[in-house]
Every structure is written in structure tokens, then in C-alpha cells.
Amino acid sequence: MPPRVVSLLPSATEIVAALGVQPVATSHECDYPPAIEDVPAVIDSRIDASASSAEIDAQVQAATSEGGVYRIDREALAAADPDIVISQGICEVCAVDTVVVESAIEELGLDCELVTTDPHSVGDILADIESIGGAIDREKRATELVADLRGRIDRVAAAAEKSPITPEIAVLDWLDPPMVAGHWVPELVELAGGEYGLADPSDASRPREWAEIREYDPDILVAAPCGFEIEQTAANRSDLTDREGWSSLRAVRMNRVYAVDGHHLMNRPGPRVVDTLEALAALIQPESFETPAPWMARPFSEVPE
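Along each chain, residues carry numbers from 1 onward, in the same order as the chain's sequence is written. Thresholds applied to this predicted model are a pLDDT of at least 70 for local features of residues and 80 or more for the giving and counting of side-chain atom pairs; totals over whole chains, interfaces and linings are not thresholded and use all residues. The side-chain quantities take in all heavy atoms of the structure and omit both hydrogens and water.

Caption draft 1: Spatial organisation of the packing of aromatic side chains. Centres within 6.5 Å are what make two rings of Phe, Tyr or Trp a pair, Trp counting through its six-membered ring; a difference in plane orientation under 30 degrees is then read as stacked, over 60 as edge-to-face, and the rest as tilted. Going through the model one piece at a time under the given rule, you end up with three aromatic pairs. Here the aromatic cluster, defined as three or more aromatic residues joined through ring pairs, consists of Trp210, Trp246 and Phe300. Lysine NZ or arginine CZ positioned within 6 Å of the ring centre and within 35 degrees of the ring normal marks a charge as sitting over the ring. Of note, Arg272 hangs over the ring of Tyr32, and the distance from its end group to the ring centre comes to 3.7 Å.

Below, the structure written as C-alpha cells:
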């Protein structure tokens, strides 16, 4: 009988599902695979995710100073009666923090194992798949999944190495204030055949002055705000297009500004991180890689508001 798993972040939910186990409870943000949407949620948010990027940033700042962005439904968590709870330590804005989860488990007297993910690189993500596989008695399936993902990564890297050019890339995982994506994103860009000059692999994402981005003047600019699908990014496009010097950026002049799904792809460190890699490769080396599906990535100027 499989263990009763409560997954408190979307990436872990995707990992558990890919390994053939259905969580008994998840967070409010867990929405893939589709069957997960019917699973009870034990986490909700104090943030209105439909607001503008500037409004969300203000809400996050206020919530952080007032007890945190997320609430745990202790009654629902107790009812789930978990054997394993999966949490994260990478970002208190992205999902409920492990310290908060530990406190809830202790207060409820739950007899369960707490598994914490804290990925900062592609290797960390693959290692999380294997460690979660071990925790939920799916070691063999995890090994097979990681081998498949590594094979896809190697194919992208091998194809990208043949390209005669290495364009400079910037990926923004927030628009107002602008934040340059870190963690696994610089590594994905480099594997896909680009140069990532604003952050090193495993660096944390952090706000940047717009002047710094203008000075870098990338060949390709990707807008992939955390939690935003492409349509929501398009609705906030003026956060970028109204900035001084926007039209003079090399990426804008060359029509190489793209919106990428920041909710399901760029900021979700699970098995679909390799889908993200393949989408980036298609943007960086379009002559060598298949065009990604429209929901994944599109030219910024072509996404309707």
C-alpha cells in the first residue's frame, strides 16, 4: 500500500505523481497533473494572485511582516493523516516554509516524516526526485525517470554545442520590481546554448535596477514571472514596456522578447524543468529545436492582453 503523502508545493506534487503516487492532500497552487485538482488542499494564501505584479509585491511584503504569505489548515492536515509531508526551504514566497510546517506537525502530534526540498540547480532537482522516490518507496521508478530526464538534457546540450553563436540572455522572474531569475535558470540557459551574464548558476533570484538590465542589453529577453501564466504576463507588459529605454534594447529591436509560462515551467523545479530547457533551446536556437507550444512560450508582442 503506498504511503499517504501530503505535498505542500507544486513541484513536489508533480514529482510524486510522476512516480505513481497520488497525494492525499496538496497546496492550493498544485494544479498538475489535472487529476490533482480534486485533491483536498491544506494550504492557502493571503495573496490575491490576480493582482498586478506591483500589487502582488506589496501584498507579499505586507504578509511577510504579518506572519507569512501562507496559512496551514491544521484541521485538514490532521484529517489527511499523512505518513510523509513534503515541504521546501528555497523561498518563503513560493510555498509555505519548512519551519511553519514543522511547527504544525508538532502541534498536531502527527506521526509522519517531513521531507524538505531545497533545489538551486538542475542537479539538485534530479536529486530531489531520487530522494522523494526513496521516501515514498518508488526508488526504481525515480531512477528510471531521472535517467530519462538526463538523456533529454544531454540531447539539448549536445545540439546547442554545435551552434556557432552564443546569444546573451536575461530571464526576469518578476516584472515590478524587475528580478533576474537565478537558481537553476542560469544553468538551463547555458545548457540551451545561451550566455547568462546577470547571474551565476545557483545564485538566488533578486531585484535589479532597470539600469543594470539596460546596460547588459541582452540579445534575448524572457519574461517569466513566478506564478504567472503567459496571459497574466501579457496583462502586466507595461511594467516593462513603459520603462525608460525599453524600445532601444537589442532584444526589443530584434523582436526577441518572449513570454514564458512562469507558473508551470520556469519556476517549478520538478520533472517539467526539462520541458523548460527544451522551450528555452527553441527560443535561443530556433533553427535546431521545435517551436514550443503556445501556452509554454510566445513572442512577447504576439500575446494578446
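From this point on, the discussion continues.
Caption draft 2: Looking closely at the side chain of Ser7. For Ser7, the location among the structural elements is in strand β1 (residues 5-7). Here Leu9 takes part through its backbone oxygen, which lies 3.1 Å from a polar atom of the side chain of Ser7. Runs of E in the DSSP output that reach at least two residues are strands. Runs of H or I that reach at least four are helices, and both are numbered from the N terminus. Polar contacts, as counted here, are pairs of nitrogen or oxygen atoms within 3.5 Å of one another; within protein the pair requires one atom able to donate a hydrogen and one able to accept it, and residues that are adjacent in sequence qualify only if both atoms are side-chain atoms.

Caption draft 3: Layout of the packing of helix α6 (residues 139-161) against helix α13 (residues 273-284). Lines fitted to C-alpha atoms define the axes here, with helix axes fitted over just the stretch in contact, and angles between the N-to-C directions of these axes take values from 0 to 180 degrees. At their nearest, the axes of α6 and α13 sit 10 Å apart, and the two run at 15 degrees to each other. Regarding the angle of α6 to α13, the classification is roughly parallel. Here α6 runs over α13; the crossing is left-handed. Contact with α6, carried on its side by Leu149, Arg152, Ile153 and Val156, involves Val274, Asp275, Leu277, Glu278 and Ala281 of α13 and no other residues of that element. Gly counts as polar in this scheme, as do all residues outside two lists: the nonpolar Ala, Val, Leu, Ile, Met, Phe, Trp, Tyr, Cys and Pro, and the charged Asp, Glu, Lys and Arg. Taken together, the residues of the contact of α6 with α13 break down into six nonpolar, no polar and three charged. Small angles under 35 degrees read as roughly parallel and large ones over 145 as roughly antiparallel, with 65 to 115 read as roughly perpendicular and the rest as oblique. Handedness of a helix crossing follows the sense of rotation of the near helix relative to the far helix, less than a right angle counterclockwise being left-handed and clockwise being right-handed. The contact rule is simple, with two residues in contact once any of their heavy atoms fall within 4.5 Å.

Caption draft 4: Structural view of the pairing of strand β5 (residues 84-88). Here the term buried applies to any residue with accessible area under 20% of the maximum for its type, exposed to any over 50%, and partly exposed to those in between, with areas from a 1.4 Å probe on protein chains only. Taking burial as the measure, the five residues of β5 include five buried ones, the bulk of the element. Side chains Ile84, Ile86 and Gln88 project from β5 onto one buried face, and the interleaved Val85 and Ser87 project onto a second face that is buried too. As paired elements, β5 and strand β6 (residues 113-117) share five bridges and run parallel to each other. By the bridge assignment, Ser87 is partnered in β6 with Thr116. Here, strands pair whenever DSSP counts at least two bridges between them.

Caption draft 5: The arrangement of the nonpolar core in detail. Ranked by size, the top nonpolar core spans 69 residues in total, and within it Ile86, Val171, Tyr196 and Val222 carry the most contacts. Aside from chain neighbours lying at most four places away, what touches Tyr196 is Ile169, Ala170, Val171, Val180, Ala181, Val185, Pro186, Val189, Glu190 and Tyr216. To qualify as a nonpolar core, a set must consist of buried Ala, Val, Leu, Ile, Met, Phe, Trp, Tyr and Cys residues joined through side-chain atoms within 4.5 Å.

Caption draft 6: Quick peek at a negative patch on the surface. Judged by side-chain charge, Glu190, Glu195, Asp200 and Asp203 come together as a negatively charged surface patch. Checked against the element boundaries, Glu195 lands in strand β9 (residues 195-196). Given a relative accessible area of 38%, Glu195 falls into the partly exposed group. Only residues whose relative accessible area exceeds 30% and that form no salt bridge are eligible for patches; like-charged ones are grouped when within 9 Å, while nonpolar side chains (Val, Leu, Ile, Met, Phe, Trp, Tyr) are grouped when within 5 Å. The protein chains shown are the only cover counted for residues, whose accessible areas, like all others here, come from Shrake-Rupley with a 1.4 Å probe. The rule for a salt bridge is simple: a side-chain nitrogen of Lys or Arg has to be within 4 Å of a carboxyl oxygen of Asp or Glu. All tallies of charge rest on Lys and Arg as positive and Asp and Glu as negative; His and the ends of each chain are not included. Taken as the charge centre is NZ of Lys, CZ of Arg, CG of Asp or CD of Glu, depending on the residue.

Caption draft 7: Region of the structure containing the sheet that holds β5. Strand order in the open sheet made by the three strands is β1-β5-β6, with parallel pairing throughout. The outermost strands of the open sheet, each flanked by one partner alone, are β1 and β6. Sheet twist, expressed as the mean angle between neighbouring strand axes with direction ignored, is 20 degrees. Where helix α5 (residues 122-135) meets the sheet, it contacts β5 and β6, and its direction lies at approximately 170 degrees from that of β6.

Caption draft 8: Geometry of empty space enclosed by the protein. Cavity and pocket criteria rest on a 1 Å grid covering protein atoms alone: a 1.4 Å probe that fits but cannot get out defines a cavity, protein on both sides within 12 Å along at least 5 of 7 lines defines an open pocket, and an atom within 4 Å of a point defines a lining residue. Grid points are joined across faces, edges and corners, and a volume is the space filled by probe spheres set on the points. Taken as a whole and assessed by the stated rule, the structure comprises one cavity of 30 Å³ or more. Volume-wise, the largest cavity comes out at about 40 Å³. Residue assignment for the lining of the largest cavity shows that the elements contributing at least two residues are α1 (10-18) and α5. Counting residues per element, the lining of the largest cavity draws most heavily on α1, at three residues. In terms of residue class, the lining of the largest cavity is built from six nonpolar, two polar and one charged.

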